[in-house]
Amino acid sequence: MSLDESIEFQDTSTSLSDTLRRLIKGIKGQSITLRELMDAVGEQGLLLICAVASLPFLIPVSIPGVSTVFGAAIILISLAITANRLPWLPGKILDRQLDTQKLVPALEKGVNIVTRLDRFLKPRLSALTTGAMINRLNGLAIAVGGVLLMFPLGLVPFSNTLPGIAILLLSTGMIQRDGMIVLGGYLFNVITVIYFGVLAYAAFSAGQGIASLFG
C-alpha cells in the first residue's frame, strides 16, 4: 500500500508536545512494546513514532533495549517513508518488552524539550515539507539519523544526543510543515557525521601514537 493511499502528513492545530503528552499518558502497566505504541498512534502517526523514539536520546539516560528497538524502528519506518510504503517491522523489534518505569520518565523529560520547540514550529518553507519526492528525501535523512543513532558509541558524550535531535527536528518539521525545522534536522545530521569523523580521527591518531611507542 502506498503512502498516498494510506498516510498523509497533516498540519495540526494541537501542539506537538500536547499530542506527545496524551500518548505518553496512555502508557500503562509495567512494560510496553513498540507494537502497542504504534497501535495507539495508528498508521497516520509514523512520523510521530519517530519523534517519540528520539526522545529518550535527548537526555543522558540509559534504558536497556531502547537503543536497539527505537533505533531499528526509526530506520525501518523512515525507509518505508522513503520507499512510499507502509513499514514492515520484525516481531523481535515490535514485541520487545520495554520497562515503563524507566521509559515514561525519559519520554516526559523529552517532551519538556519539545515544549520549548513548540514556540518555533509553524508552517514555512513548504517546498521542504510537501510532495512525494521531498517526503522521500526527508525520510532518507531520518534513516541516516537512525543509523548514526545506532553506532556503538553509547559512552561517548553527545553520540546519541546529536542524531536524536536530528531525528526529532526532521520528523516534527514534517509533521508541522515547517521547512526551517527540517533544515535544522539536516544540519544536525551533518554535525553528527563531522563529530563522529573527529572521534574516528582522534582514535586513529591515538592508536598510531601508542603503536609508535611500542614500535
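Residues numbered from 1 in each chain as written. Predicted model: local features only at pLDDT ≥ 70, side-chain atom pairs only at ≥ 80, totals over all residues. Heavy atoms only, no water.

### Re the nonpolar core
In this structure, L20, L34, M38, L55, F70 and I142 are the most contacted members of the largest nonpolar core, which totals 51 residues. Among all residues touching I142, those that are not within four sequence positions of it are L47, C50, I74, S78, I167, L170, S171 and M174. (Core = buried A, V, L, I, M, F, W, Y, C linked by side-chain atoms within 4.5 Å. Buried < 20%, exposed > 50% of the residue type's maximum accessible area, 1.4 Å probe, protein only. Contact = heavy atoms within 4.5 Å.)

### Comments concerning the environment of I49
Note on placement: I49 falls in helix α4 (residues 46-54). Between the C-alpha atom of I49 and that of L37, which follows or precedes it by 12 residues, the distance is 7.8 Å. Residues in contact with I49, not counting those within four places in the same chain, are L34, L37, M38, V41 and I77. (Helix = DSSP H or I, 4+ residues; strand = E, 2+ residues; numbered from the N terminus.)

### Concerning the side chain of T100
For T100, the position within the fold is in helix α7 (residues 100-118). With a relative accessible area of 6%, T100 lands in the buried category. At 3.1 Å, the side chain of T100 and the backbone oxygen of Q30 are in polar contact. The residues touching T100, leaving out its near neighbours within four places in the chain, are I27, K28, G29, Q30, S31, I32 and P105. (Polar contact = N/O pair within 3.5 Å; in protein donor to acceptor, adjacent residues only side chain to side chain.)

### Thoughts on helix α2 (residues 16-25)
Along α2, the residues that are buried comprise L16, S17, L20, L23 and I24. For α2, the buried positions fall inside an angular range of 125° around the axis, keeping them on one side. Turned more than 90 degrees from where α2 packs its buried face, R22 and K25 sit exposed. Here the buried face of α2 lies against α3 (34-41), α4, α7 and α9 (161-175). (Arc of directions from axis to C-beta.)

### Some thoughts on the packing of α3 against helix α5 (residues 66-82)
Where α3 contacts α5, the two axes come as close as 11 Å, and the packing angle between them is 45°. Between α3 and α5, the angle is such that the two are oblique. Only V69, F70, A73 and I77 of α5 make contact with α3, whose side of the interface consists of L34, L37 and M38. Among the residues making up the contact of α3 with α5, the classes are represented as 7 nonpolar, no polar and no charged. (Axes fitted to C-alpha atoms, helices over the stretch in contact; angles between N-to-C directions. Parallel < 35°, antiparallel > 145°, perpendicular 65-115°, else oblique. Nonpolar A, V, L, I, M, F, W, Y, C, P; charged D, E, K, R; others polar.)

### Examining the pattern of salt bridges
Taken as a whole, this structure holds 3 salt bridges when the rule is applied. We note a salt bridge from D18 to R21, for which the minimum N-O separation is 4.0 Å. Of the two residues, D18 and R21 are both situated in helix α2; the distance of 3 residues between them amounts to about one turn of the helix. According to the relative accessible area criterion, R21 is partly exposed, its value standing at 36%. Between R124 and D178 there is a salt bridge, and its shortest N-O distance comes to 2.8 Å. Here R124, found in the loop between α7 and α8 (132-149), pairs with D178, found in the loop between α9 and α10 (179-214); they are 54 residues apart in sequence, far enough to count as distant. The class for D178 is buried, based on a relative accessible area of 0%. (Salt bridge = Lys/Arg side-chain N within 4 Å of Asp/Glu carboxyl O.)

### Focus: the environment of A132
Inspection of the secondary structure puts A132 in helix α8. Separated by 51 residues in the primary sequence, A132 and I81 have C-alpha atoms spaced 9.4 Å apart.

### Structural notes on the packing of aromatic side chains
Taken as a whole, this structure holds 2 aromatic pairs when the rule is applied. On the numbers, 6.3 Å between centres and 40° between planes, the contact of Y195 with F196 is tilted. Within the aromatic cluster, the residues linked to one another by ring pairs are F151, Y195 and F196. (Phe/Tyr/Trp six-rings, centres within 6.5 Å; stacked < 30°, edge-to-face > 60°.)

### Regarding the confidence of the model for the chain
Low pLDDT marks regions whose predicted coordinates should not be analysed in detail. Here the chain averages 81 in pLDDT, and 87% of its residues register 70 or above. Considering only residues more than four positions removed or in separate chains, one finds that residues 1-11, a stretch of pLDDT under 50, has 28 contacts. (pLDDT = per-residue confidence, 0-100.)

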